[in-house]
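As a plain string of letters, each chain reads:
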Amino acid sequence: MSEAYPLPPVFQERIRAQLGAEADDYFAALAQSYVRGLRLNPRKPLADPAALIEGLGEPVPWQPRTGRYLSQESTAGAQPLHEAGAYYIQEPSAMAAVAVLSPRPGERVLDLCAAPGGKSTQIADALEGRGLLVSNEPVPSRAKILSRNLERMGVTNGLVVSAEPEQLAPRWAGFFDAILVDAPCSGEGMFRRHPETRAEWTEQSPAGCAARQKRILTSAWAMLRPGGRLVYSTCTLNTEENEGVIDWMQQAVSDCETAAFTLPAGEGAELDAPGGTLHLYPHRVKGEGHFVALLRKCGDEPHASALAPGDALAKPDKPLLQAYEAFAKAVGAALPAANARLGDALLSAPELPPLQGIRVLRAGVQLGALKGKVFQPDHALALAMSPTAGFPSFSVSPAEARAYLRGEVLPCPDSFSGFYLVCYESLPLGFAKASNGQLKNHYPKGLRQQQG
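### Quick look at the pattern of salt bridges
Phase 1 of the analysis: On inspection of all chains with the given rule, the structure shows 19 salt bridges.
Phase 2 of the analysis: In this structure, Arg148 and Glu151 form a salt bridge, with 3.5 Å as the shortest nitrogen-oxygen distance. Placement of both Arg148 and Glu151 in helix H7 (residues 140-152) is noted, with a separation of three residues, approximately one turn of the helix.
Phase 3 of the analysis: Residue Arg148 is classed as buried on the basis of its relative accessible area of 16%.
Phase 4 of the analysis: Residue Arg225 is joined to Asp177 by a salt bridge in which the shortest nitrogen-to-oxygen separation is 2.7 Å. Within this pair, whereas Arg225 is found in strand E9 (residues 224-234), its partner Asp177 is found in strand E8 (residues 176-182), the two being separated by 48 residues in sequence.
Phase 5 of the analysis: Take Arg225: its relative accessible area is 16%, and that puts it in the buried class.
Phase 6 of the analysis: A residue is classified by how much of its surface remains accessible, and Asp177, at 8% relative accessible area, is buried.
Phase 7 of the analysis: What emerges from the salt-bridge pattern is a single network uniting Glu83, Arg148, Glu151 and Arg362.

Here it is in structure tokens:
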């Protein structure tokens, strides 16, 4: 255990009452190193992930297709491939909630408490570009991080908003097939990975968090269609915020039932949840502390109607569309169809829920905007670009990739002219504009890395 941040005595007493004879195993696990992981991005496949990602380990049992364990020493989060969206650094136990929700291509899915975006991008993987992912984060600063991560991972069918759940519920009644509520909590499951959180925990923390979780869950339930499913998850361990909230929910609404599930645990073993709830403890699984519950809404009704992108937001005006068409013709690429506008930006967006009065940060792919009378492509378009789109590209070495991410100009053949995708290991890092033997850097200034 961390000497600088000892476990609160009351917490230790609660764990001993909760785990009984297992408590010593749990406390011993907290003295070990925390577990790291990442998810490979199926939209941006790598030829040889093990060779390109330092410290990549075996598959995470409950996310075997894309989840991998990661060594403690790995610097994968500081590599150019991370900025290209080839993977998302995510703690392995945190992958369990979306595995239980099991989103299906074509569904409408809401991630109600979504920042920083690990679970949202995992949902996007499962949707395979079909249907709609709505990611909400009430805190504006955290919503910006969420939006940036969906952009980095190349999500094309997402909507990022920033609102309180109570604001969304009456507008989006019965709109979703599946909802994830990864609720704010007292964070007991983070005590190994972030020992400093132990100092923030008090005996009153679980009760205060549970009250908030009940309000969030009530709003989420209103947005779920009859027949839909909801996963409630936390990164805490106490029953007050976990089973207690689920029990309260079943008493508060008449159409809520738990649903049994199992998760693969590796080597033929399974994590069974016959009652619809599951605790992941660091002494039982290779991961941190987490809780997952699966709920179903009784009945079976279609979801509420969606709006065309141009009706939910705004229709693009003719000069903007013409400039985009001219840009696409100039680069000779098959670009996404434009169908909406957000502020000055042209979008390619999926069908959307009503958005009047809701702060929207991102909808589909932000294609670009007019700069004078000329179309200027957005960074999001580069990161969402398919390798088969035919956009002119320029491959760079590791050193050149780092230079590009710092905002530096790169040399190129004198024959190059116009916009190019700067690509590393066949994945776009962003745009550059060629002229006179140089690639002028268009990597966003707010994302540029420090020298070194």
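### Some thoughts on the sheet that holds strand E20 (residues 393-395)
Phase 1 of the analysis: The five strands lie next to each other as E20-E22-E23-E24-E21, forming an open sheet whose pairing is mixed. If you trace the sheet from one side to the other, it starts and ends with E20 and strand E21 (410-411), each paired once.
Phase 2 of the analysis: As judged from the two bridges shared by E21 and strand E24 (residues 438-441), these two strands associate in the antiparallel manner. Directly across from Leu410, in E24, lies its bridge partner Leu439.
Phase 3 of the analysis: Each of E20, E21, strand E22 (418-424), strand E23 (427-435) and E24 touches helix H14 (residues 398-405); the most contacted strand, E23, lies at about 75° to it.

### Here's the deal with the packing of aromatic side chains
Phase 1 of the analysis: Tallying each qualifying case throughout the model produces 16 aromatic pairs.
Phase 2 of the analysis: Aromatic pair Tyr232 and Phe291: ring centres 6.4 Å apart, planes at 70°, arrangement edge-to-face. With Tyr232 in strand E9 and Phe291 in strand E14 (residues 290-297), this pair connects stretches of sequence that are 59 residues apart.
Phase 3 of the analysis: Among the residues examined, Tyr232 registers a relative accessible area of 0% and is labelled buried.
Phase 4 of the analysis: A relative accessible area of 0% places Phe291 in the buried class.
Phase 5 of the analysis: Where Phe327 meets Phe391, the ring centres are 6.1 Å apart and the plane angle is 45°; that geometry is what we call tilted. With Phe327 in helix H12 (residues 318-331) and Phe391 in the loop between helix H13 (379-384) and E20, this pair connects stretches of sequence that are 64 residues apart. Taken individually, Phe327 and Phe391 each receive the classification buried, so the pair is uniform in this respect.
Phase 6 of the analysis: Of the aromatic side chains, those joined through ring pairs into one cluster are Tyr324, Phe327, Phe375, Phe391, Phe419 and Phe431.

About the criteria used
Counting restarts for each chain, with residues numbered from 1 along the sequence as it is written. Side-chain atom pairs in this predicted model are given and counted only at pLDDT of 80 or more, local residue features only at pLDDT of at least 70, and totals for whole chains, interfaces and linings cover all residues. Processing note: side-chain calculations cover all non-hydrogen atoms of the structure and skip hydrogens and water entirely. The salt bridge definition used is simple: a Lys or Arg side-chain nitrogen within 4 Å of an Asp or Glu carboxyl oxygen. Helix and strand labels come from DSSP, where a helix needs a run of H or I of at least four residues and a strand needs a run of E of at least two; each type is numbered from the N terminus. Think of it in three bands: with a 1.4 Å probe and only protein chains considered, a residue is buried below 20% of the maximum accessible area for its type, exposed above 50%, and partly exposed in between. Following DSSP output, two strands are said to pair if at least two bridges run between them. Here a residue-residue contact requires only that any non-hydrogen atoms of the pair lie within 4.5 Å. Comment: axis = line fitted to C-alpha atoms, over the contacting stretch for helices; angle = value between 0 and 180 degrees taken between N-to-C directions. Here a Phe, Tyr or Trp ring, Trp counted by its six-membered ring, pairs with any other such ring whose centre lies within 6.5 Å, and the pair is stacked when the planes are under 30 degrees apart, edge-to-face when over 60, and tilted otherwise.

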